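# Breakdown of the fold
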Amino acid sequence: MADVTIQSTEKMVGANHPTLTDTLNRLGLVEHNNDGTHKKLTQVTDPWVDARAYGAVGNGTTDDTAALQAALNLVPINGILDLANKTYKVSAGLTLANGATIRNGKITWSVTSAIDIFTVKDNTIFDNVRFNGSGAIGTVGVPLYQRAIFGGTNPAIPAINVTIKNCRFENMTGGIWSGGASTDSVPTGWKIFDNHFENIVGYKGNSEGYAVILTPSSKGLVSGNTFKTITRFFSRNTRINHF
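Predicted, not measured: the structure shown is a model, and the values here were computed from it.

The rules behind each value
- Residues numbered from 1 in each chain as written.
- Predicted model: local features only at pLDDT ≥ 70, side-chain atom pairs only at ≥ 80, totals over all residues.
- Heavy atoms only, no water.
- Helix = DSSP H or I, 4+ residues; strand = E, 2+ residues; numbered from the N terminus.
- Buried < 20%, exposed > 50% of the residue type's maximum accessible area, 1.4 Å probe, protein only.
- Contact = heavy atoms within 4.5 Å.
- Salt bridge = Lys/Arg side-chain N within 4 Å of Asp/Glu carboxyl O.
- pLDDT = per-residue confidence, 0-100.
- Phe/Tyr/Trp six-rings, centres within 6.5 Å; stacked < 30°, edge-to-face > 60°.
- Pairing = 2+ DSSP bridges.
- Core = buried A, V, L, I, M, F, W, Y, C linked by side-chain atoms within 4.5 Å.

## Let's talk about the overall build of the protein
Along the backbone of the protein there are 2 helices and 20 strands. Buried residues in the protein amount to 46% of all 243 residues. Sequence separation of at least 24 residues holds for 63% of the intrachain contacts in the protein that already meet a minimum separation of 6.

Right, dumping it as C-alpha cells:
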C-alpha cells in the first residue's frame with residue numbers, strides 16, 4: 001500500500017487559538033501561549049500549567065506573587081504547577097486551591113514581616129523546589145514566623161498526605177509546619193524526605209528557628225534530610241521538631 005498524505009486545514013492547538021473543542025485540539029492536548037510556553041493540558045489524566053503562562057516572569061527580581069496565585073487557582077486536583085527551573089520572587093503568601101504538585105524551581109522573598117509562602121491542601125507534593133527567605137528574625141518577645149510550607153490556617157483541619165522531597169529551605173525562621181493544634185487534629189500522611197535545611201534561625205526566647213514541626217501523633221515519614229545552622233531551642237509539648 002502506498003503512503004498516503006493526509007492534509008488538514010484545521011488549526012492545531014497554539015497561539016491565538018479560539019477554542020479547544022475540535023478533534024485535533026483534543027488530540028494535541030497542549031494549549032500554548034503566544035510566547036510558546038505551555039498554558040495547560042486538556043487531558044484529564046495529567047493536567048499541568050506552566051507558571052509563566054499566567055504572567056510569571058521568573059527572573060528573581062520581578063514580583064510574581066499575583067501570577068503564581070493565578071496559576072495555583074487553576075491547577076486542578078492532582079495537577080502540576082511547573083516552575084520551569086526559574087526563580088520567582090513573592091511578596092505575600094500563596095494558597096493552593098487544590099492538592100497539586102509544585103515542582104522544579106526556586107521561590108524567594110525579601111519581606112521582613114511574617115509570611116507563609118505556601119498554604120497547602122490535602123495531597124500536595126513539593127518536588128525539587130528551593131525556598132530562599134529574607135533571613136529576618138524577630139526581636140525579644142516578638143516572634144517573626146516566616147515559613148515556607150504551612151498545613152492550613154484552620155488548626156482543627158490541617159492538610160493531610162503532603163509530600164515534600166528533594167527541596168531546599170534556606171534563610172528563614174521556620175521551614176515546614178504541618179498545622180494542627182492538638183491530637184484531635186492530626187496531620188497524617190506527611191512525607192518529608194531528602195531535603196536540606198540551612199540557616200533556619202530565630203531569636204532565642206521566641207518560638208522561631210525550627211526546621212520541621214508536626215503534631216506528636218502524626219503518622220508519616222521523615223527521613224534522609226540534612227541540616228546546617230539550625231536553631232534548636234524550639235520546644236512545645238504539643239509538637240515535634242528537628243528530625
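## Focus on the pattern of salt bridges
Taken as a whole and assessed by the stated rule, the structure comprises 6 salt bridges. Across the pair Asp 50 and Arg 52 runs a salt bridge, and its minimum N-O distance is 2.9 Å. One salt-bridge network, in which partners are shared between bridges, spans Arg 130, Arg 168, Glu 170 and Glu 198.

## Details of the confidence of the model for the protein
For the protein, the mean per-residue pLDDT works out to 75, and 66% of the residues sit at or above 70. Here residues 41–46 is a poorly scored stretch, pLDDT under 50, and it has 11 contacts once near neighbours within four places are set aside; other chains count. Note that residues 233–243 has pLDDT below 50 and, in this model, 44 contacts with residues that lie over four places away or in other chains.

## Things to note about the environment of Val 75
Note that Val 75 resides in the loop between helix H2 (65–74) and strand S5 (80–82). A C-alpha to C-alpha distance of 10.0 Å links Val 75 and Ile 102, two positions 27 residues apart in sequence.

## Some words on the packing of aromatic side chains
One pass over the structure, following the stated rule, counts 7 aromatic pairs. Judged by centre distance (6.1 Å) and plane angle (85 degrees), the rings of Phe 118 and Phe 131 are edge-to-face. In this pair, Phe 118 sits in strand S9 (residues 115–119) while Phe 131 sits in strand S10 (residues 125–132), placing the two residues 13 residues apart along the sequence. Of the two residues, Phe 118 and Phe 131, both sit in the buried class. Geometrically, the ring pair formed by Phe 126 and Phe 131 is edge-to-face, given 6.0 Å between the ring centres and 65 degrees between the ring planes.

## Some details on the pairing of strand S17 (residues 210–214)
The element S17 is largely enclosed, with a buried count of 5 among its 5 residues. With 3 bridges joining them, strand S14 (residues 174–177) and S17 adopt parallel strand pairing. The residue of S17 that forms the bridge with Gly 174 is Tyr 210.

## Details of the pairing of S14
The sheet contact formed by strand S11 (residues 146–150) and S14 spans 3 bridges and is parallel. The residue of S14 that forms the bridge with Arg 147 is Gly 174.

## Focus: unusual backbone geometry
We note that Ala 84 has phi near 55 degrees; this positive angle belongs to a residue other than glycine. Tracing the sequence through the fold places Ala 84 in the loop between S5 and strand S6 (87–89). The phi dihedral of Asn 161 falls on the positive side, at around 55 degrees, and the residue is not glycine. With respect to the helices and strands, the residue Asn 161 is situated in the loop between S11 and strand S12 (163–165).

## So, the environment of Phe 126
For Phe 126, the location among the structural elements is in strand S10. Given the relative accessible area of 0%, Phe 126 is considered buried. Considering only alpha carbons, one finds Phe 126 and Thr 101, 25 residues apart in sequence, at a separation of 5.8 Å.

## Quick word on the environment of Ala 67
On the secondary structure map, Ala 67 appears in helix H2. Separated by 15 residues in sequence, Ala 67 and Arg 52 have C-alpha atoms that sit 7.9 Å apart. Sequence-distant contacts of Ala 67, defined by excluding residues within four places in its chain, comprise Tyr 54, Gly 55 and Ala 56.

## Comments concerning the nonpolar core
Ile 107, Phe 118, Phe 126, Phe 131, Ile 164 and Phe 169 are the most contacted members of the largest nonpolar core, which totals 46 residues. Of all the elements in the fold, those that place two or more residues in this core are H2, strand S8 (101–108), S9, S10, S11, strand S13 (168–172), strand S16 (196–200) and S17. Each residue touching Phe 126, except ones within four places of it in the same chain, is listed here: Ile 102, Phe 118, Val 120, Phe 131, Ile 149, Thr 163, Ile 164, Lys 165 and Cys 167.

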